[in-house]
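Structural characterization, general
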Amino acid sequence: MKAIEVTNLHKAFGETRAVIGVNFTVEQGEIFSLLGPNGAGKTTTISMLSCLLRPDDGDALILGHSLRKDPMGVKSVLGVVPQEIALYDDLSASENLTFWGKMYGLRGAALKARVNEVLEIIGLTDRARDRIKKYSGGMKRRVNIGVALLHKPKIIYMDEPTVGIDPQSRRSILDSVLALKSEGTTVLYTTHYMEEAQELSDHIAIMDHGKLIAAGTHNELVRIVGEADRITLSLNAESARLIEAWKRTRGVQQVDAEDGNLTLLVDDSNQVLPRLFEAAAASDVRITSVDIQEPDLEVVFLHLTGRALRD
Amino acid sequence: MNKIFAVALKDLTRSFRSAFALIFMFAIPLLVPLLFLVMFGNLADEEQGFELPVTQVVVVNLDEGGAGFEQAMTNLPGGMETDSLGALVVRVLQSPDFGDLIAVRLETEPATARSLVDNQEAGVAIIIPADFSAQYAAFDGQAVLEFYQDPTLTIGPGVVKSILNQFMDGLSGARIAVTVSLARLEANDPAVIGQVIEAYMAAQQQDGPSAARLDVRTPVQDGPARSPVLVIVGMVMGAMLLFYAYYTGVATGQGILQEDEQLTLPRLFTTPTPPASILIGKFLGVLLTVTVQVIVLLIAARLIFRVDWGSPEAIAMTIVCVILNASAFGIFLNSLLKSTRQGGVLFGGVLTVTTWIGLLPIFVGFAGGSNPMIDSISLSMPQGWIGRMLLDSIANASLGQIALSGAVSLAWTALFFTIGIWRFGRRYV
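Computed from a prediction, not measured in an experiment: that's the story for all the values here.

Before going further, it helps to examine helix α19 (residues 399–428) of chain B. The largest bend in α19 of chain B amounts to roughly 30° and is located at Ser405 of chain B. Looking at the buried side of α19 of chain B, the elements it contacts are α11 (255–261), α12 (264–269), α13 (275–305), α14 (312–335) and α18 (382–394) of chain B.

Residues and elements named next belong to chain B. One pass over the structure, following the stated rule, counts two cavities of 30 Å³ or more. Considered as a void within the structure, the second largest cavity measures approximately 30 Å³ in volume. Gln56, Val57, Val58, Ala103, Arg105, Leu116, Glu121 and Ala122 are the residues that line the second largest cavity. When residues of the lining of the second largest cavity are traced back to their parent elements, those giving at least two are β1 (55–61) and β2 (102–107). The element contributing the most residues to the lining of the second largest cavity is β1, with three residues. Across the lining of the second largest cavity, the residue classes break down as five nonpolar, one polar and two charged.

All names here are of chain A. Tallied over the entire structure, the rule returns 18 salt bridges over all chains. Its salt-bridge partner being Glu160, residue Lys42 comes within 3.3 Å of it at the nearest N-O pair. In this pair, Lys42 sits in helix α1 (residues 42–49) while Glu160 sits in the loop between β7 (155–159) and α6 (167–182), placing the two residues 118 residues apart along the sequence. Of the charged contacts in the structure, one is a salt bridge between Glu199 and Arg171, with a shortest N-O distance of 2.7 Å. You can see Glu199 sitting in helix α7 (residues 194–200) and its partner Arg171 sitting in helix α6, a full 28 residues away along the chain.

A few words now on the layout of surface pockets. Looking at the second largest pocket, its volume works out to about 660 Å³. Surrounding the second largest pocket, 24 residues form its lining, Ser47, Leu52 and Leu53 of chain A together with Pro266 and Phe269 of chain B being those nearest its centre. Elements represented by at least two residues in the lining of the second largest pocket include exactly α1 of chain A together with α12 and α19 of chain B. The leading source of residues in the lining of the second largest pocket is α1 of chain A, at four residues.

Next up on the list: the sheet that holds strand β4 (residues 57–62) of chain A. Residue and element names in this part refer to chain A. One open sheet accounts for four strands, arranged β2-β1-β4-β5; its pairing is antiparallel. The open sheet has two edge strands with one neighbour each: β2 (16–26) and β5 (65–66). Pairing analysis gives five bridges linking strand β1 (residues 4–13) to β4, with the strands arranged antiparallel. Bridge pairing in β4 places Glu5 opposite Leu61. Most of the contacts of α1 go to β1, to which it runs at about 115°, and overall it touches β1, β2 and β4.

What follows concerns the environment of Lys181 of chain A. Residues and elements named next belong to chain A. By the secondary structure assignment, Lys181 is in helix α6. Residue classification places Lys181 among the partly exposed residues on the basis of a relative accessible area of 30%. A C-alpha to C-alpha distance of 10.0 Å links Lys181 and Ile155, two positions 26 residues apart in sequence. Those residues in contact with Lys181, other than ones at most four positions away along the chain, are Gly29, Glu30, Ile31 and Asp202. A polar contact is formed between the side chain of Lys181 and the side chain of Asp202, at a distance of 2.9 Å.

This part covers the side chain of Thr162 of chain A. Mapped onto the secondary structure, Thr162 of chain A falls in the loop between β7 and α6. Setting aside residues up to four positions removed in sequence, Thr162 of chain A forms contacts with Arg170, Ile173, Leu174, Tyr189, Tyr193 and Glu196 of chain A.

Summed over the entire model, instances satisfying the criterion amount to 18 aromatic pairs over all chains. Between Phe24 of chain B and Tyr244 of chain B, the ring centres sit 6.4 Å apart and the planes meet at 55°, which makes this aromatic pair tilted. In this pair, Phe24 of chain B sits in helix α2 (residues 19–41) while Tyr244 of chain B sits in helix α10 (residues 228–253), placing the two residues 220 residues apart along the sequence. Above the face of the Tyr193 of chain A ring, Arg170 of chain A is positioned so that its terminal group lies 4.6 Å from the ring centre. Above the face of the Trp100 of chain A ring, Arg267 of chain B is positioned so that its terminal group lies 5.6 Å from the ring centre.

What follows deals with the sheet that holds strand β13 (residues 261–266) of chain A. All names here are of chain A. Judged by pairing direction, the sheet is antiparallel, and its four strands sit side by side in the order β12-β13-β11-β14 without closing on themselves. At either end of the open sheet lies a strand with only one pairing partner, and these are β12 (252–258) and β14 (287–293). Each neighbouring strand pair of the sheet contributes to a mean axis angle of 20°, computed without reference to strand direction. Where strand β11 (residues 229–235) and β14 come together, six bridges link them in antiparallel fashion. Along β14, the bridge assignment pairs Ser234 with Ser289. Sheet strands touched by helix α10 (residues 269–282): β11, β12, β13 and β14. Its angle to β14, the strand with the most contacts, is close to 165°.

Moving on, we get to the nonpolar core. Judged by nonpolar contacts, the single largest core of 103 residues is most densely connected at Met158 of chain A together with Trp309 of chain B. With 14 residues, α10 of chain B is the largest single contributor of residues to this core. In this structure Trp309 of chain B touches Gly234, Met237, Gly238, Leu241, Leu298, Ala301, Arg302, Ile315, Leu390, Ser393 and Ile394 of chain B, once residues within four positions along its chain are discounted.

Should the pLDDT be low somewhere, the predicted coordinates at that spot are not to be read in detail. Model confidence for chain A is summarised by a mean pLDDT of 89, while 98% of its residues fall at 70 or above. Per-element mean pLDDT across chain A ranges from 79 in helix α11 (residues 297–305) of chain A up to 96 in helix α3 (residues 93–103) of chain A.

This next bit is on the side chain of Arg141 of chain A. Residues and elements named next belong to chain A. By the element assignment, Arg141 lies in helix α5 (residues 137–149). No salt bridge forms around the buried Arg141; measuring N to O, its nearest opposite-charge neighbour Glu84 is 5.1 Å away. In contact with Arg141, not counting residues within four places along its chain, are Pro82, Gln83, Ile85, Glu160, Pro161, Val163, Ile165 and Ile173.

Residues and elements named next belong to chain A. Relative to β2, β1 runs antiparallel, the two sharing seven bridges. Opposite Glu5, over in β2, you have Thr25 as the bridge partner. Taken together, β1 and the strand that follows it, β2, pair antiparallel across an intervening segment of two residues, in which Gly14 is found at a positive phi of about 65°.

Among the residues of α3 of chain A, those classed as buried are Ala93, Asn96, Leu97, Phe99, Trp100, Gly101 and Met103 of chain A. Looking one or two residues beyond α3 of chain A, the residue adopting positive phi is Gly105 of chain A, at roughly 90°.

Thresholds, definitions, all that
- Numbers given for residues are sequential positions, taken from 1 along each chain in its written order.
- Chains and ligands are labelled sequentially in the order written, the chains with letters from A and the ligands with numbers from 1.
- Local features in this predicted model are restricted to residues whose pLDDT is 70 or higher, and side-chain atom pairs enter the listing and the counts only when it is 80 or higher, whereas totals over whole chains, interfaces and linings include all residues.
- Just so you know, side-chain values use all the structure's heavy atoms and leave hydrogens and water out.
- The seven residues ending at a residue and the seven starting there each receive a fitted axis; the angle between those axes is the bend at that residue.
- Going along the chain from the N terminus, every DSSP run of H or I of four or more residues is numbered as a helix, and every run of E of two or more is numbered as a strand.
- Contacts are assigned to residue pairs with any non-hydrogen atoms lying within 4.5 Å of each other.
- Cavity and pocket criteria rest on a 1 Å grid covering protein atoms alone: a 1.4 Å probe that fits but cannot get out defines a cavity, protein on both sides within 12 Å along at least 5 of 7 lines defines an open pocket, and an atom within 4 Å of a point defines a lining residue.
- Grid points are joined across faces, edges and corners, and a volume is the space filled by probe spheres set on the points.
- Amino acids are sorted into nonpolar (Ala, Val, Leu, Ile, Met, Phe, Trp, Tyr, Cys and Pro), charged (Asp, Glu, Lys and Arg) and polar (every other residue, Gly among them).
- Basic side-chain nitrogens of Lys or Arg form a salt bridge, by our definition, when they fall within 4 Å of a carboxyl oxygen of Asp or Glu.
- Here, strands pair whenever DSSP counts at least two bridges between them.
- Here, axes are lines fitted to C-alpha atoms. For helices the fit covers the stretch in contact, and angles between N-to-C directions go from 0 to 180 degrees.
- Here's how the labels work: a residue is buried when its accessible area is under 20% of the maximum for its type, exposed when over 50%, partly exposed in between, all with a 1.4 Å probe on protein chains only.
- By the criterion applied in these results, polar contacts are pairs of N or O atoms within 3.5 Å in which, for protein atoms, one can donate a hydrogen and the other can accept it, and in which residues neighboring in sequence qualify only through two side-chain atoms.
- Planes of paired rings set the category: under 30 degrees apart is stacked, over 60 is edge-to-face and the rest tilted, where pairs are Phe, Tyr or Trp rings (Trp by its six-membered ring) whose centres lie within 6.5 Å.
- Two limits define a charge over a ring: the Lys NZ or Arg CZ must be within 6 Å of the ring centre, and within 35 degrees of the ring normal.
- Definition used in this section: a nonpolar core is a set of buried Ala, Val, Leu, Ile, Met, Phe, Trp, Tyr and Cys residues joined via side-chain atoms within 4.5 Å.
- The predictor attaches a confidence to each residue, called pLDDT, with possible values from 0 through 100.
- Charge convention: Lys and Arg are scored as positive, Asp and Glu as negative, and His as well as the terminal groups of each chain are ignored.

Here's what the structure looks like:
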């Protein structure tokens, strides 16, 4: 059985179409990332898969439970880590976890034991009795994740869990996601940080303007733009003769001029770059800046949408 | 059901963790009556060492005495010479031992004595009837004197009454002793002992321990006298209790919107808990918070200000209606809002205006009057019916007398709950 099977999900808010015909499948035990800029429709998709929003059309099966027909069944196998901190500031970490545990159906000694386990997992045992309002942003994030672990769900949704936190806490969260995977938990992870998706994911789906525009493993996605490196150059003067010279240079696949910058797709930047400098010197043109990008998801997104991922 | 209680208890815990909420729920409602008491009741003086004022006592001794009485008195251990029991009462009251507490003035006409009390020239009038001694001396008689007091005074008349009770208890004991002695002179056998016991029991059964009985009458009311300051403090306390119960109902009802904005409510909806259970838990949380607040204020007012809330049944019924109505009102008002940003209008406008209109009769009551038009205006608000219940309860109304107000307030409650639950349900369930 697939962990998640999403079929033709649609959601609109008035005139705004937030999610348009999204389809994807997540295998059990893998980390699946939804990558895309802010406003791409990732959170709306997660909200529908959490039964918080009702899809206008389409359905999804979560471990065989239909969003439309069996929302309680869906909720019982899910743990959800929302994008924003959703905790009670005036309760302690222990009290928060105990309350949320009850809402997931835990009781008595089992609840108490599980709360202690989760406090151990998120590394807050010694601060368990402190109220959440006294915690740093990173500590709050850890409790926010801890809540979703209480009932040992088979699937966890994490909606941009590293937004706005320090590098140390971010590292801790990424490690905890990898630890969940090693325990066999399926993780559906949304982010607009390409590096996170690249590091964590078995499969990645790229979303933009409500549509899923590409999906696959990291290597499969990179192959969309080929194995070429991307070199972006600035010159001290425009030179048509130089551009023609570079097009003929060995190892150069493509030269595009846009907004005063030149973008070259090359086979191997280490070998091609000296030849580019030689040609520039021969044309009496000076290169004022060089930026080299090896194939990555940023390049893929740029290639697919014509925009940078962080725009 | 467990999840409903978990939500409610969580809300209750959070309510009582907020210093701001605690101030509004308990500190201010108690502070206002306390200020009244300090201003008008000399509470501070009392705490620093209170000196009782001398109570003016008017005595009218009409007692004609009697042979039987004189014989009884001379047979007392040590003997006692006096022509009437009334004279003995006067002598006791004029004792220098009580000079710091009471000043005795003798009059001949009962009407004069009573009018002196009515005009507040005296605190107490004691009228000793003509057959007072004769009734005392007769074995089956009952000596009764009239104790007429100013109802606005409590401590002074209480002191006089205490002196008289003590004296009368002594006389009753003496009468039993004399009866026993006389009986022993005639027959010294077990049967006599039985008769003595019988006589003592008979004396005990005559309305308490004393053969002499005090008839306490007040010009205005039959019940125990209440200080007017305490009556006003009771009304102020009642008004504060009601106002802040509604405040708490609205403030805790706003928790539903706050949780929505702080995103804990959406997260609750991702748990395997029916949305209806979550909302019922939230409503129960409002109800529990108001319940704890009202009960604590009720008990605190009783202990701190000695507020007499009336009969237990009436005040219990009133409190149930207060709790239900304030909670339902809070849920109803919040269901009309889109966000907590509109809360200022809610607290500053709707809550304050409706509650103060509803409680107008209480404020009119401070001034010692009532106004039928104001009563009618106040009853256009649900708080008006609740306020009326509380006022009636404080005035010792019976359960039956507050039943109509209770029924109307419960009808308001049902309406508020229905609309509030329907609107929140439509939004979230």
